[in-house]
Amino acid sequence: MKLVARLEQSAPIPLAADIACDSGELLALVGPSGSGKSTILRCLAGLHRPAGGSVRCGDETWFDAVRGVEVTPQRRRVGFVFQHYALFPHLSALANVMLALQHLPAPERAAKARHWLARSKLEGLEDRRPAELSGGQQQRVAIARALAREPQVLLLDEPFSAVDQVTRRKLLRQLIEMRRSLAIPIILVTHDLEEAALLADRMTVLHHGYTLQTAPPDELLARPASVLVARLTDQPNIFFGKVIEQSPATDTTLIDWLGKPLQACYHAGPVVGDRVCWVVPEAGVILVRDHQAERENTFTATVSERLAWRGHATVSARLGEGQGRDATLSFAIGTAVAQRRGIVSGARIVLQLQKAAICLTAGDRTSGSQFGH
Amino acid sequence: MTEVSSVTAAIAVIDWQALSLSLQLASATALLLLPLAIWLARLLAWSQFRHQGALEAAILLPLVLPPTVLGYYLLLGFGGASPLGQAYHALTGRALVFSFDGLLAASLVFNLPFAVQPMQRSFAAIPREVREAAWVSGLSRWQTFLRIELPLAWPGIAAALALTFAHTLGEFGVVLMVGGSLPGETKTIAIAIYDQAQAFNDSAAAGMSALLLALSFVAVLLVTRLGRSVLRR
């Protein structure tokens, strides 16, 4: 079972999105507010009709604008967990789940609903109404109701946005456990990149309804397809430089950055003289000792900020001598290491930018050419 | 002995025929208006269409128009010379003005805002996602209406029924314009009270006014209680 969709429309929210999700795969749709994430889910569920495109699930066509096919939400067998759960407020948890069991004979529904509530660890709460449940319990009822439908696709619309941080961690763990037993495509909409990276097999970055890039989370962060993707995925180290040498033989693309040569692995595409955008993930910036300063891509920097949280510190350091030839790099280290190495504001440090971690990327997708010749 | 005689006297002054007519009119109006008002309320609560504002204004109009003005236009619209009056006569052989049927038709019009407004607010308060959750759970539109929308909108529907019922019992101006005061046909309790007051028959006017007050209060109380208990169930 694979869900494949192409969605097009110009209003009310522009869409030009390609979505593909395999059985057992969790695809996260990420992007800023108004990027069309929730509209895409609604299109997949049949709650919104796009102007063009198609939605196919396995052998079934749920929507095809050209052929005039439009299957109703009732007949799509979609499990949908809404952002604020959309539980039926006048019904108990049990009755909420029972309503999603219309495909079963009436006498079997209560037992089956109890089974789904038990799977969501909600035994003993069957008779409670949504208002009598905590946020986390409401979310679990919503998931139980979505799964009770025995769906062909599970759609989760920001399911963790309405709960506190502690509950969120618990629910995340439960979702990770639960998804192992689900052999259906799962699509998660979130604006939380960490949540997406934690749960998703692949991530799709959306902007103004366009799908900019789809890749596994690590790859997406290491190899953003464009500067826009890098910005939308909150990459802190995005810079511009000029290509000064292309050497496939030594697997090197040499960039002039802040007046110094910077080695990246060979990137086909740009030619000598091109202005390029390059990114390096925080993990690709390493704190080295002074005597190792002869290594490639080492820069002396001054610590400008250190933010510590739960044993991890995010450090910002200033490079260069001003006059437009300076930049701020961000990297992460353990707080214990930061303490030991005296990483405090104003400290002088040496940083190495790992050659393999540097990624040359295209400019804005609207800029026309991929690299600025 | 004195108490029994005063109760008997109070009962004797009540125009039972007018009261029965009023109750029939109020019940028929509430029942007939129920499906129409639900349809209109859902349409106005959830849809966006051209001339929506004009439709809403037209529905609210009886609330602000003097009853005599509304009654006058209804009299014109229902009269023997009007297309509606002629069609009704051709169909039933009866006139629409100065008849119970005409009174009922007028009652449906002047009660529209009382029925539609509370229902519209109730339906608008149901989040779109809740209805959508019902659809993706496999419930048809009709099942969603019966099992989700109706129970959630019930307090508004109950309030609408109570208001319509009580308002019909008490309506005077429109009833007088469209129905006149034909005993057994169009003479409602409100008109009977007016007649008695005009004839300086104070005990009859007072007795019937007290009865109307009690009836209206009980009707509103019953229906709102019912609304709450259905929601709590």
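Residues numbered from 1 in each chain as written. Chains lettered and ligands numbered in written order. Predicted model: local features only at pLDDT ≥ 70, side-chain atom pairs only at ≥ 80, totals over all residues. Heavy atoms only, no water.

Brief notes about the overall build of chain A
Argument step 1. Scanning chain A for helices and strands turns up nine helices and 21 strands.
Argument step 2. By its C-alpha atoms, chain A is 75 × 50 × 35 Å across when sized along the principal axes.
Argument step 3. Counting only residues that meet the buried cut, chain A has 53% of its 373 residues in that class.
Argument step 4. Partitioning the intrachain contacts of chain A with sequence separation of at least 6 by distance along the chain shows that 65% fall at a separation of at least 24. (Helix = DSSP H or I, 4+ residues; strand = E, 2+ residues; numbered from the N terminus. Buried < 20%, exposed > 50% of the residue type's maximum accessible area, 1.4 Å probe, protein only. Contact = heavy atoms within 4.5 Å.)

Quick word on the UniProt feature "domain: ABC transmembrane type-1" (unreviewed entry) in chain B
Argument step 1. The UniProt record annotates "domain: ABC transmembrane type-1" (unreviewed entry) at residues 19-223 of chain B.
Argument step 2. Segment residues 19-223 of chain B splits into 80% helix and 0% strand. End C-alpha atoms: 20 Å apart. (UniProt positions renumbered as here; feature names shortened; annotations may be inferred.)

Regarding the UniProt feature "domain: ABC transporter" (unreviewed entry) in chain A
Argument step 1. UniProt's feature table lists "domain: ABC transporter" (unreviewed entry) at residues 1-233 of chain A, given in the numbering used throughout.
Argument step 2. Taken end to end, residues 1-233 of chain A is 34% helix and 25% strand, and its first and last C-alpha atoms sit 29 Å apart.

Let's talk about the domain arrangement of chain A
Argument step 1. Each assigned domain of chain A is listed here: domain 1 (3-221) and domain 2 (238-361).
Argument step 2. Just the C-alpha atoms count here: the centres of domain 1 of chain A and domain 2 of chain A sit 40 Å apart. (Domains from an automatic or database assignment.)

Some words on the interface of chain B and chain A
Argument step 1. Taken together, the contact between chain B and chain A spans 21 residues of the former and 20 residues of the latter.
Argument step 2. Around 1,700 Å² of area is buried between chain B and chain A when both sides are counted, 62% of it from carbon and sulfur atoms.
Argument step 3. Linking chain B with chain A are four residue pairs in polar contact (both at pLDDT 80 or more), by the criterion used here.
Argument step 4. Counting residues per element, the ones that place at least two in the side of chain B that touches chain A are helix 8 (128-136), helix 9 (141-170) and helix 12 (202-232) of chain B.
Argument step 5. It is helix 8 of chain B that provides the largest number of residues to the side of chain B that touches chain A, a total of eight residues. (Buried area = accessible area lost by both parts, 1.4 Å probe. Polar contact = N/O pair within 3.5 Å; in protein donor to acceptor, adjacent residues only side chain to side chain.)

A few points about the packing of aromatic side chains
Argument step 1. As enumerated under the stated definition, the model contains nine aromatic pairs over all chains in all.
Argument step 2. Seen from their ring centres, Trp257 of chain A and Phe299 of chain A are 5.2 Å apart, and the 75 degrees between their planes marks the pair as edge-to-face. Highlighted residues: Trp257 of chain A in strand 13 (residues 252-257) and Phe299 of chain A in strand 17 (residues 298-309), separated in sequence by 42 residues. Neither Trp257 of chain A nor Phe299 of chain A differs from the other in exposure class; each is buried.
Argument step 3. Taken together through their ring pairs, the aromatic side chains of Phe239, Trp257, Trp278 and Phe299 of chain A make up a single cluster.
Argument step 4. Geometry around Phe88 of chain A places Arg145 of chain A over its ring, the cationic atom sitting 4.6 Å from the centre.
Argument step 5. For the cation-ring pair, Arg131 of chain B lies above Trp46 of chain B, with the distance from its terminal atom to the ring centre recorded as 3.5 Å. (Phe/Tyr/Trp six-rings, centres within 6.5 Å; stacked < 30°, edge-to-face > 60°. Lys NZ or Arg CZ within 6 Å of the ring centre and 35° of its normal.)

Comments concerning the pattern of salt bridges
Argument step 1. Evaluation of the coordinates by the stated rule reveals 16 salt bridges over all chains.
Argument step 2. Residue Arg128 of chain B pairs with Glu132 of chain B through a salt bridge whose shortest N-O separation is 3.5 Å. Placement of both Arg128 of chain B and Glu132 of chain B in helix 8 is noted, with a separation of four residues, approximately one turn of the helix.
Argument step 3. You can call Arg128 of chain B partly exposed: its relative accessible area is 44%.
Argument step 4. Several salt bridges share partner residues, and in doing so they unite Arg6, Glu8 and Asp18 of chain A into one network. (Salt bridge = Lys/Arg side-chain N within 4 Å of Asp/Glu carboxyl O.)

A closer look at the environment of Arg202 of chain A
All names here are of chain A.
Argument step 1. By the secondary structure assignment, Arg202 is in strand 10 (residues 202-207).
Argument step 2. Given the relative accessible area of 23%, Arg202 is considered partly exposed.
Argument step 3. Separated by 13 residues in the primary sequence, Arg202 and Ala215 have C-alpha atoms spaced 5.1 Å apart.
Argument step 4. Every residue in contact with Arg202, bar those within four places of it in the chain, is listed here: Ala20, Cys21, Glu25, Leu26, Leu27, Ala28, Thr214, Ala215, Pro216 and Pro217.
Argument step 5. Within the local environment of Arg202, its side chain forms a polar contact with the side chain of Glu25, the two groups lying 2.4 Å apart.

Some details on the layout of surface pockets
Residues and elements named next belong to chain A.
Argument step 1. Put simply, the largest pocket is a space of about 1,000 Å³.
Argument step 2. Taken together, 23 residues line the largest pocket, and the ones lying closest to its centre are Glu194, Leu221, Asp234, Glu282 and Thr314.
Argument step 3. For the lining of the largest pocket, the secondary structure elements donating two or more residues are helix 6 (193-199), helix 7 (217-222), strand 17 and strand 18 (312-320).
Argument step 4. At four residues, the largest contribution of residues to the lining of the largest pocket is made by helix 6.
Argument step 5. Considering only residue class, the lining of the largest pocket consists of 13 nonpolar, four polar and six charged.
Argument step 6. Two domains each donate at least three residues to the lining of the largest pocket, and these are domain 1 (3-221) and domain 2 (238-361). (1 Å grid on protein atoms, 1.4 Å probe; cavity = no way out; pocket = protein on both sides within 12 Å on 5 of 7 lines; lining within 4 Å. Points joined across faces, edges and corners; volume = space filled by probe spheres on them. Nonpolar A, V, L, I, M, F, W, Y, C, P; charged D, E, K, R; others polar.)

Points about the sheet that holds strand 20 (residues 348-353) of chain A
Strand pairing in a sheet relies on backbone hydrogen bonds, with the paired strands running either antiparallel or parallel.
All names here are of chain A.
Argument step 1. Here we have five strands laid out as an open sheet, ordered 16-20-17-18-19, and antiparallel in their pairing. Lying at the two open borders of the sheet, with one neighbouring strand each, are strand 16 (285-288) and strand 19 (326-334). For this sheet, the mean inter-axis angle between neighbouring strands, taken without regard to orientation, is 45 degrees.
Argument step 2. Pairing of strand 18 with strand 19, which is carried by nine bridges, proceeds in the antiparallel orientation. Bridge pairing in strand 19 places Leu319 opposite Ala327. (Pairing = 2+ DSSP bridges. Axes fitted to C-alpha atoms, helices over the stretch in contact; angles between N-to-C directions.)

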